[in-house]
Amino acid sequence: MSFVLAALFLLLIPMAGSSPPPEPVMCTHGTSGCIITNSYGSFTDRTVCHAASVTYPSTEEEVIAAVAAAVAAKQKLKVATKHSHSIPKLACPGGHDGAIISTARLNRTVRVDAAKRLMTVESGMLLRDLTEAAAAAGLALPHSPYFYGVTIGGLLSTGAHGSSLWGKGGAVHEYVVGMRIVTPAPASKGFAMVRELCAGDPDLDAVKVSIGVLGVVTQITLSLQPLFKRSLTFVSRNDSDFPEQVASWGRLHEFGDIAWLPALGKVAYRDDDRVDVSTPGNGRLNQVLLFRSTATREAIKARALEERLQQANATDAARCEDLRRQVAAVQRLGNGFTNDGVSFTGFPVVGYQHRIQASGGCIDSPEDGLATACVWDPRIRGSFFENDGFSVPLSKAPAFIAEMQKLRDLNSAAFCAAVDPRLGVFLRYVKASTAYLGMPEDSVVFDIVYYRSRIDGTPRVHADVVDELEQLALTKYGGRPHWGKNRDFAFDGAIAKYPDAGKFLKVKGSEWTDKVLGISGSPSSIEKGCAIEGLCVCSEDSHCAPELGYFCRPGKVYKKARVCSFQPTGHRA
Ligand SMILES: Cc1cc2nc3c(=O)[nH]c(=O)nc-3n(C[C@H](O)[C@H](O)[C@H](O)COP(=O)(O)OP(=O)(O)OC[C@H]3O[C@@H](n4cnc5c(N)ncnc54)[C@H](O)[C@@H]3O)c2cc1C
Ligand SMILES: *[C@@H]1O[C@H](CO)[C@@H](O)[C@H](O)[C@H]1NC(C)=O
Ligand SMILES: *[C@@H]1O[C@H](CO)[C@@H](O)[C@H](O)[C@H]1NC(C)=O
Ligand SMILES: *[C@@H]1O[C@H](CO)[C@@H](O)[C@H](O)[C@H]1NC(C)=O
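Residues numbered from 1 in each chain as written. Chains lettered and ligands numbered in written order. Predicted model: local features only at pLDDT ≥ 70, side-chain atom pairs only at ≥ 80, totals over all residues. Heavy atoms only, no water.

The name recorded for the protein chain in an unreviewed UniProt entry is L-gulonolactone oxidase, from Brachypodium distachyon. Taken verbatim from the UniProt record of the protein chain, the Pathway (unreviewed entry) comment is "Cofactor biosynthesis; L-ascorbate biosynthesis." The Catalytic activity (unreviewed entry) field of the UniProt record for the protein chain holds the comment "L-gulono-1,4-lactone + O2 = L-ascorbate + H2O2 + H(+)". (UniProt positions renumbered as here; feature names shortened; annotations may be inferred.)

### Things to note about the overall build of the protein chain
The number of helices and strands found in the protein chain is 14 helices and 26 strands. Computed over the C-alpha atoms, the radius of gyration of the protein chain is 23 Å, within 12% of the 25 Å expected from 2.2 N^0.38 for a compact globule of 573 residues. With the C-alpha coordinates aligned to their principal axes, the bounding extent of the protein chain is approximately 70 × 60 × 50 Å. Of the contacts formed within the protein chain by residues at least 6 apart in sequence, a portion of 68% connects residues at least 24 apart. Across the protein chain, the centroid of the 62 positively charged side chains sits 1 Å from that of the 58 negatively charged ones. (Helix = DSSP H or I, 4+ residues; strand = E, 2+ residues; numbered from the N terminus. Rg over C-alpha atoms; globule rule 2.2 N^0.38 Å. Contact = heavy atoms within 4.5 Å. Lys, Arg positive; Asp, Glu negative; His and termini not counted. Charge placed at Lys NZ, Arg CZ, Asp CG, Glu CD.)

### Thoughts on the nonpolar core
Membership of the largest hydrophobic core comes to 68 residues, with the highest contact counts inside it found for Ile152, Trp376 and Trp483. Filtering out sequence-adjacent residues up to four positions away, Trp483 remains in contact with Pro88, Leu90, Thr158, Val209, Ile211, Leu437, Phe491, Ala494, Ile495, Tyr498 and Val516. Listed in part, the 45 residues of the second largest apolar core include Val267, Tyr269, Ile401 and Tyr558. (Core = buried A, V, L, I, M, F, W, Y, C linked by side-chain atoms within 4.5 Å. Buried < 20%, exposed > 50% of the residue type's maximum accessible area, 1.4 Å probe, protein only.)

### A few points about the pairing of strand β9 (residues 176-184)
Successive residues of a regular strand alternate their side chains across the two faces of the sheet. Judged from the six bridges that link them, β9 and strand β11 (residues 216-223) form a sheet pairing that is antiparallel. Across the sheet, residue Gly178 finds its bridge partner in β11, namely Thr221. As paired elements, β9 and strand β10 (residues 192-198) share seven bridges and run antiparallel to each other. Looking at the pairing, Arg180 lines up with Glu196 of β10. (Pairing = 2+ DSSP bridges.)

### As for unusual backbone geometry
A negative phi holds for most residues other than glycine; trans holds for most peptide bonds. That bond from Phe347 to Pro348 is cis: its omega, 0°, falls within 30 degrees of zero. Not every positive phi belongs to a glycine, and Arg117 is a case in point at roughly 60°. By secondary structure assignment, the location of Arg117 is in the loop between β6 (109-113) and β7 (118-122). Its relative accessible area of 38% is what places Arg117 among the partly exposed residues. Residues other than glycine seldom take positive phi values, yet Asn486 does so here, at roughly 85°. When you line up the elements, Asn486 lands in the loop between β24 (480-481) and α13 (501-504).

### Remarks on the UniProt feature "domain: FAD-binding PCMH-type" (unreviewed entry) in the protein chain
Sites flagged by UniProt as "domain: FAD-binding PCMH-type" (unreviewed entry) map to residues 47-227. For residues 47-227, the end-to-end C-alpha separation is 43 Å, with 18% helix and 29% strand making up the annotated structure.

### Describing the domain arrangement of the protein chain
Domain boundaries in the protein chain define domain 1 (13-102), domain 2 (109-226) and domain 3 (230-508). Measuring from the centre of the C-alpha atoms in domain 2 to the corresponding centre in domain 3 gives 25 Å. The partner domain 3 presents 42 residues to the 41 residues of domain 2 that form the contact. Around 3500 Å² of area is buried between domain 2 and domain 3 when both sides are counted, 58% of it from carbon and sulfur atoms. Taken as a group, Tyr146, Leu165 and Trp166 account for 24% of the area that domain 2 buries against domain 3, more than any other trio of residues on that side. Counting every contact that joins domain 2 to domain 3 gives one salt bridge. The interface formed by domain 2 and domain 3 includes 19 residue pairs in polar contact (both at pLDDT 80 or more). For the side of domain 2 that touches domain 3, the secondary structure elements donating two or more residues are α3 (127-136) and α5 (204-207). The greatest single-element share of the side of domain 2 that touches domain 3, amounting to five residues, is contributed by α3. (Domains from an automatic or database assignment. Buried area = accessible area lost by both parts, 1.4 Å probe. Salt bridge = Lys/Arg side-chain N within 4 Å of Asp/Glu carboxyl O. Polar contact = N/O pair within 3.5 Å; in protein donor to acceptor, adjacent residues only side chain to side chain.)

### Re the pairing of β6
When β6 meets β7, the two strands line up antiparallel, connected through four bridges. When the sheet's bridge partners are listed, Asp113 is paired in β7 with Leu118. The antiparallel pairing of β6 with β7 creates a hairpin that spans four residues between the two strands, and Arg117 there sits at a positive phi of about 60°.

### Topic: the pattern of salt bridges
Evaluated as defined, the whole model comprises 38 salt bridges. Linking Glu60 and Arg180 is a salt bridge whose minimum nitrogen-to-oxygen distance equals 2.7 Å. Placement of the pair is Glu60 in helix α2 (residues 60-72) and Arg180 in strand β9, with a sequence separation of 120 residues. Ionic pairing is found between Asp420 and Arg422, a salt bridge with its closest N-O pair at 2.7 Å. Overall, Asp420 belongs to the buried group, its relative accessible area being 7%. Ionic contacts of the salt-bridge type, sharing partners, join the residues Arg46, Glu386, Arg452, Asp456 and Glu533 into one network.

### Section: the packing of helix α7 (residues 296-310) against helix α8 (residues 316-332)
With their axes 10 Å apart at the nearest point, α7 and α8 run at an angle of 150° to one another. When the axes of α7 and α8 are compared, the pair comes out roughly antiparallel. Handedness of the crossing formed by α7 with α8: left-handed. Facing Leu305, Leu309 and Gln310 of α7, the residues of α8 in contact are Ala318, Arg319, Asp322 and Arg325. The residue inventory of the contact of α7 with α8, partitioned by class, reads three nonpolar, one polar and three charged. (Axes fitted to C-alpha atoms, helices over the stretch in contact; angles between N-to-C directions. Parallel < 35°, antiparallel > 145°, perpendicular 65-115°, else oblique. Left-handed = near helix turned anticlockwise from the far one by under 90°. Nonpolar A, V, L, I, M, F, W, Y, C, P; charged D, E, K, R; others polar.)

### Comments concerning the sheet that holds strand β3 (residues 49-55)
Pairing in this open sheet of five strands is mixed, and the strands run β1-β2-β3-β5-β4 from one edge to the other. Here the strands that pair on one side only, and so sit at the sheet edges, are β1 (25-29) and β4 (77-80). Taken over all neighbouring pairs, the strand axes of this sheet differ in orientation by 45° on average, direction set aside. By the bridge criterion, four bridges tie β1 to strand β2 (residues 32-36) in an arrangement that is antiparallel. By the bridge assignment, Met26 is partnered in β2 with Ile35.

### Some words on the site of ligand 2
Every residue lining ligand 2 is accounted for by Ala104, Asn107 and Asp129. Within the contact set of ligand 2, an oxygen atom lies 2.2 Å away from a side-chain nitrogen or oxygen of Asn107. Contact with the protein chains hides 37% of the accessible area of ligand 2, taken as 360 Å² for the molecule alone. (Near = heavy atom within 4 Å. Areas by Shrake-Rupley, 256 points an atom, 1.4 Å probe, with all protein chains shown as cover.)

### Overview of the sheet that holds strand β23 (residues 443-451)
The eight strands are arranged β19-β13-β15-β14-β22-β23-β21-β24 in an open sheet whose pairing can be described as antiparallel. Each edge of the open sheet is held by one strand with a lone partner, namely β19 (349-352) and β24. As judged from the nine bridges shared by strand β21 (residues 385-393) and β23, these two strands associate in the antiparallel manner. Counterpart to Gly389 in the pairing with β23 is Asp447. Each of β13 (229-238), β14 (258-261), β15 (266-275), β22 (425-430) and β23 touches helix α6 (residues 242-252); the most contacted strand, β15, lies at about 10° to it. In this fold helix α12 (residues 463-476) packs onto β21, β23 and β24, with an angle of close to 30° to the strand it touches most, β21.

Printed below as a string of C-alpha cells:
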C-alpha cells in the first residue's frame, strides 16, 4: 500500500461510525499536513492530493485573511466544499505545499428580497438548503442539478445545470446577478482584496463559471422566480425517431429531459411543465436508486453482482437480464417520485419546484455506524463508477444520436453492461451563455454513468462502446466535457472549444487546471494501461491491457476513434 493510501485509510478509521459523507479534507496535525479527495475518495487517476493546510472561514473577513496568508507565503490556493463532489482534480492546489480554504462554514443566507425576487447566499450553502430557504420566502430557483448535496459555489464553478431551453435555460449560472470574490492582491493592498461584481459587469462572465481558478467566491446573488408547481410524467417510446425528437422535445416542455436505454431501444421522454400553484398535489422526488440513503448491505450486494457480471465467464444475456430487472425496478418506483412525499401512486406527479427539482437523501444518512450511506461512500465497498458528461451543440445532436444508434445496431447487447441502467444515456438541455466557460451555443448534455473496477488497469466489459461514443462526441461533434465530471483524456483540447477562452485565460491556476486550460502540459498521461483508466486515448496496445485481451483498435462506426477492444482470440490485427 502506498503511503498516500495508508494515510487515507488510517484517517478514515476514526470516522467509521458515522454515515453522512466523510470530509473531503483530512489532516494529520490539526489543520496541517492534509490530503484532499472527492466524495468518492478517488480522483480520476485514482490518487488523492496533498496540501500543507486547510482553513474553515465562517465570514468573508476570515476568507480575506486566509487568502492573504496564502498569497504572502506564496502558496498555491484552492477551494474545497462540504463534500467536494467533482470528479476531476479541481480542488488540488498541486504539489504538497498548497493551502485549502473550505467553504463548509460559509453556509448562511445573507439576505432575501422577496419583492425583487433576489436572494444572496454564502458560497458554501448546499443546494438543498438554498432551495428550501428560497421556498420559505415564496421563491424558486428554476433550474439546478438533480442532486442537492452540492454547494452553490461549487456547482457554479463547473457550469452545473438542470435541463431547459426555455427562458434563460437550464444552467444555474444564468440566474446569477451578483457575486463577491476574494482574489490575490499585491502586498501594498494586503495580499487579498474583495471584488463585488454586479449584473452587467463583464467580469461576471468570467467568475460565474470559473472552475475555481479566479479566487474564493464568498457570496452569490441569484435572481429567482415566484415559487411554482410542476406536473410531470414520462412518455416511453421506441427509439426509431429519437434523433428527430431530441431536436424538438426541449422546446415543447420547460423541464424536458430524455433517458435513452440503447440496449432496449427505448427512450423515456420527461414531459414536465409548470402548472398553476392551485393544482392539487404535493409530490416529491426522492431519487430511488442512486441518491437516496441506502442500506450498506444492499449497496455491497449490488456491487458484488455488478462485479460478477463483469467477469469474463458472465454472458451478455445475463447482463441484459440484469439491465431489464433494474429498469423494471426503477419504473415500479416511479423513477424515484412520490405523489405525496411518501408513496408513488402514478403519474402525473404534481409538486412544488423545490421538492421536485433535486434530491440527495444520502447526504443526510443518520449516524448509524455506516448501516446506511451514499452508495458511492468510499468507506463501504459499494458503487464505484465513472461519470462522463459532455455536451454537443443542439444543431448536431440528431446526427450524433443517429451515429450512436448505428453503433448500437452492430451489437445492442454490448450496451447492457456498457451503460449504467439506472440512468441510461441521459440527455439534458442547456442554452447558449455569455459565461466565458459556459456553453457558446444551445446544447444537449449527455451523461453516462458506468462501471469502474477498483483495481488499477482492469478493463470493464465492452469498454470500447463508451470510449467510441465519447471520442465521437468530443472530436467529430465538437463535444465539450462537463468541468466537474469525466475522465482526464476528455479535457484534451477542451479549452479551444470555447470562443471566449482567451478572455478567461488571464488567470493562474493549479497544476491540473493549468493542464485543462492549456497553460502548461496536457491533461492526458501516456503510460501503460492509460486508456483503460481514461487517462489517454490509446495509440498502441500497451495503452490498453493486451495481457487481458484488450487491444487498441479503431472504432466500429467512428473509424478515427481509438478504443480498447476485447479480442477474445488474442489475435493482433
Ligand atoms: C451525485 C451527483 C449528481 C450530480 N448531478 C449533476 C447534475 O444534475 N447536473 C450537473 O450539471 N452536475 C451534476 N453533478 C456535478 C456537480 O454539480 C459538480 O461536480 C459540482 O461542481 C459539485 O459541486 P461541489 O459543491 O461538490 O463543489 P466541488 O466539487 O467541491 O468544487 C468544484 C470546483 O469549484 C471550486 N469551488 C467551490 N466553491 C468555490 C468557491 N466558493 N469559490 C471558488 N471556487 C470554488 C472548487 O475549487 C472546484 O474547483 C452531480 C454530481 C454528483 C456527485
Ligand atoms: C452550517 O454549517 C454549520 C457547521 O458545519 C452547521 O452546524 C450548520 O447546521 C449549517 N447550517 C445550515 C443552515 O445548514
Ligand atoms: C416505433 O414506434 C412507432 C410508433 O410510435 C411505430 O410506428 C414503429 O413501428 C415502431 N418501431 C419499431 C421498430 O418498433
Ligand atoms: C467465474 O469466474 C470467477 C473467477 O474469475 C469464479 O470465481 C466464478 O466461480 C466463475 N463463475 C462461474 C459460473 O463459472
